[in-house]
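# Notes for the structure review
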Amino acid sequence: MIPLQSSDDKMYMAQIQKKTLAEEVAERLTEGILNGQYEIGEKLPTEPELMKIYGVGRSSIREAIKILSIKRILSVQQGVGTFVVSHNVQESLEAQMNKAEIEEVIEVRSLLESKIAARAALHHTKAELKTIKTYLDLRGQYAEENLALECYQADINFHVSIAEACGNKLLKEIYKIASGQVLGVFESSHKNSTDTFKASQKIHAELYDYIKSRDAESAAATALKIVQRQFYI
């Protein structure tokens, strides 16, 4: 996560959240189950042993076990131990997205982008619109100052803040997951240059104006142009 420059900017930190330690442990336990490290019917190591294996505290281990118990992968038997009861592990959407080809991620974002922009135009609040405008301005400022990483993050935050304003929690979360790879793509494809971000500031401003004026159709069309341009210019 890239910190923004001034104290005023700190309230607008990136909205893409990191995994908790418990979620990380749950993922690693799941990997162990999938690769045969832990077989069905096998008892997991004790809590102190798991704490040592994964380098985390007791609360993180317990929360990870709870996560996998809810998914019916583990079964906790009080006074006996925790046992593996299923190999039928459904890979998370985030994990699938991380493994996907970038072309697939672009296609997903293209489909989501226009729908989210249209909904944001219809459902945004004044506070949400202010946040969108803040990231738009930061995007332009950092592009002009040639602060590449800050510019890339501000661009991502601009689009995520639009998703936050779309009024559909599930759509918002799917979009945030799909945005997780974007920073890496920007870093590899733009080579620490902000030239294309300077050139595209105008169309981003147009998107903001369409959302502000509640023009859903124009917002959707403009958002689609932006996401296609981002990856192909």
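Residues numbered from 1 in each chain as written. Predicted model: local features only at pLDDT ≥ 70, side-chain atom pairs only at ≥ 80, totals over all residues. Heavy atoms only, no water.

Going by an unreviewed UniProt entry, the protein chain carries the name HTH gntR-type domain-containing protein and comes from Chryseobacterium piperi.

## Some words on the nonpolar core
One finds Ile 116, Phe 158, Ile 162, Leu 207 and Ile 211 to be the most contacted residues of the largest nonpolar core, which totals 39 residues. Listed by contribution, the elements that provide at least two residues to this core are α5 (102–123), α6 (126–144), α7 (148–164), α8 (169–178), α9 (182–190), α11 (201–212) and α12 (216–232). Looking at this core, the element that brings in the most residues is α7, giving nine residues. Contacts of Ile 162, omitting those with residues within four sequence positions, involve Ile 116, Ala 117, Ala 120, Ile 132, Leu 207 and Ile 211. Among the nonpolar cores identified, the runner-up in size contains 16 residues, and Tyr 38, Leu 44, Ala 64 and Leu 74 belong to it. (Core = buried A, V, L, I, M, F, W, Y, C linked by side-chain atoms within 4.5 Å. Buried < 20%, exposed > 50% of the residue type's maximum accessible area, 1.4 Å probe, protein only. Helix = DSSP H or I, 4+ residues; strand = E, 2+ residues; numbered from the N terminus. Contact = heavy atoms within 4.5 Å.)

## Thoughts on empty space enclosed by the protein
Per the counting criterion, the structure on display carries two cavities of 30 Å³ or more. Estimates place the volume of the second largest cavity at around 30 Å³. Secondary structure elements with two or more residues in the lining of the second largest cavity: α5 and α7. For the lining of the second largest cavity, the leading source of residues is α5, giving three residues. Residues that form the lining of the second largest cavity fall into these classes: five nonpolar, one polar and one charged. (1 Å grid on protein atoms, 1.4 Å probe; cavity = no way out; pocket = protein on both sides within 12 Å on 5 of 7 lines; lining within 4 Å. Points joined across faces, edges and corners; volume = space filled by probe spheres on them. Nonpolar A, V, L, I, M, F, W, Y, C, P; charged D, E, K, R; others polar.)

## A short note on the side chain of Glu 113
If you trace the backbone, Glu 113 turns up in helix α5. On the accessibility criterion, Glu 113 (5% relative accessible area) is buried. There is a polar contact of 3.0 Å between the side chain of Glu 113 and the side chain of Tyr 175. Residues within four places of Glu 113 in sequence aside, it is in contact with His 159, Tyr 175, Ala 223 and Val 227. (Polar contact = N/O pair within 3.5 Å; in protein donor to acceptor, adjacent residues only side chain to side chain.)

## A closer look at the packing of aromatic side chains
Summed over all chains, the structure comprises one aromatic pair. Note on Tyr 152 and Phe 197: the rings are 5.1 Å apart at their centroids and 35° apart in plane angle, and the pair reads as tilted. With Tyr 152 in helix α7 and Phe 197 in helix α10 (residues 195–199), this pair connects stretches of sequence that are 45 residues apart. The ring of Tyr 208 carries Lys 133 above its face, with NZ or CZ at 6.0 Å from the centroid. (Phe/Tyr/Trp six-rings, centres within 6.5 Å; stacked < 30°, edge-to-face > 60°. Lys NZ or Arg CZ within 6 Å of the ring centre and 35° of its normal.)

## Quick word on the confidence of the model for the protein chain
In the predicted model, the protein chain carries a mean pLDDT of 84, and 84% of its residues have values of at least 70. In this model residues 1–17 is a low-confidence stretch, pLDDT under 50, and it forms 39 contacts with partners more than four residues away in sequence or in other chains. (pLDDT = per-residue confidence, 0-100.)

## As for the pairing of strand β2 (residues 81–84)
Both faces of β2 are covered, namely the face carrying Gly 81 and Phe 83 and the face carrying Thr 82 and Val 84. Where strand β1 (residues 74–77) and β2 come together, four bridges link them in antiparallel fashion. Looking at the pairing, Val 76 lines up with Thr 82 of β2. The antiparallel pairing of β1 with β2 creates a hairpin that spans three residues between the two strands, and Gly 79 there sits at a positive phi of about 80°. (Pairing = 2+ DSSP bridges.)

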